[in-house]
Amino acid sequence: CGLWFAWNACLAVLQLACGLSGSRADCARQWLCWPVYILFFAWVRRRIPRLLLNDFQLFLCLPNHAFRIAVCLSYAAIVVQLLLAAISRGDVLTGTCVAYALGEGYCFALD
């Protein structure tokens, strides 16, 4: 419940800061959600099929979509951090392979 509240609070701050209302606020929400949806449906969802069978609303009082967003963002954080570390060391090929392997290991551990 806290993650979903934080997400809505960030959107509310964005709306206040940009002076968005009505359809513009919906447009901003779509632009913020689009990368997460693409990451989830195009990449992560195929790697965690058994995890998606669980009902997190029933056991953790956490909406299922909030849990899926958290999984996508944590996956992206792992991969991006490893890629940035590899770029800073100058060994991009090895870093990319390690980032992919640890991302897959993360999904395997969740599933």
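Scoring rules and cut-offs
- Residues numbered from 1 in each chain as written.
- Predicted model: local features only at pLDDT ≥ 70, side-chain atom pairs only at ≥ 80, totals over all residues.
- Heavy atoms only, no water.
- Patch = residues over 30% accessible without salt bridge, like charges linked within 9 Å, V, L, I, M, F, W, Y side chains within 5 Å.
- Areas by Shrake-Rupley, 256 points an atom, 1.4 Å probe, with all protein chains shown as cover.
- Salt bridge = Lys/Arg side-chain N within 4 Å of Asp/Glu carboxyl O.
- Helix = DSSP H or I, 4+ residues; strand = E, 2+ residues; numbered from the N terminus.
- Contact = heavy atoms within 4.5 Å.
- Axes fitted to C-alpha atoms, helices over the stretch in contact; angles between N-to-C directions.
- Parallel < 35°, antiparallel > 145°, perpendicular 65-115°, else oblique.
- Left-handed = near helix turned anticlockwise from the far one by under 90°.
- Nonpolar A, V, L, I, M, F, W, Y, C, P; charged D, E, K, R; others polar.
- pLDDT = per-residue confidence, 0-100.
- Expected span 1.5 Å × (residues − 1).
- Buried < 20%, exposed > 50% of the residue type's maximum accessible area, 1.4 Å probe, protein only.
- Arc of directions from axis to C-beta.

## Examining a nonpolar patch on the surface
A cluster of nonpolar side chains, contributed by Val80, Leu84, Ile87 and Val92, occupies part of the molecular surface with about 360 Å² of accessible area. No other element matches helix H4 (residues 64–89), which puts three residues into the nonpolar patch. Position of Ile87 relative to the elements: it lies in helix H4.

## Topic: the environment of Tyr75
Counting through the fold element by element, Tyr75 comes out in helix H4. Placed 31 residues apart in sequence, Tyr75 and Val44 show a C-alpha to C-alpha distance of 8.2 Å. Residues within four places of Tyr75 in sequence aside, it is in contact with Leu39, Trp43, Val44, Gly103, Glu104, Tyr106 and Cys107.

## As for the packing of H4 against helix H5 (residues 92–110)
Between H4 and H5, the shortest axis-to-axis distance is 8 Å and the interhelical angle comes to 160 degrees. In terms of orientation, H4 and H5 fall into the roughly antiparallel class. Crossing of H4 against H5: the hand is right-handed. Touching Val71, Ser74, Tyr75, Ile78, Val79, Leu82, Leu83, Ala86 and Ile87 of H4 are Val92, Gly95, Thr96, Val98, Ala99, Leu102, Gly103, Glu104, Tyr106, Cys107 and Leu110, all from H5. Class assignment for the residues of the contact of H4 with H5 results in 15 nonpolar, four polar and one charged.

## Topic: the environment of Val98
Here Val98 is to be found in helix H5. For the pair Val98 and Leu83, spaced 15 residues apart in sequence, the C-alpha to C-alpha distance is 8.6 Å.

## Here's the deal with the confidence of the model for the chain
Per-residue confidence for the chain averages 75 on the pLDDT scale, and 71% of its residues sit at or above 70. Within the chain, helix H1 (residues 2–18) has the poorest average pLDDT of any element, 62, and H5 the best, 87.

## Concerning H5
Under the 1.5 Å per step criterion, the end-to-end length of H5 is 27 Å for 19 residues, consistent within 8% with the ideal 27 Å. By the burial criterion, the buried members of H5 are Gly95, Ala99, Gly103 and Cys107. Each buried residue of H5 sits inside an arc of 105 degrees when the element is viewed along its axis, so together they form one side. Facing away from the buried side of H5, by more than 90 degrees, are the exposed residues Leu93, Phe108 and Ala109.

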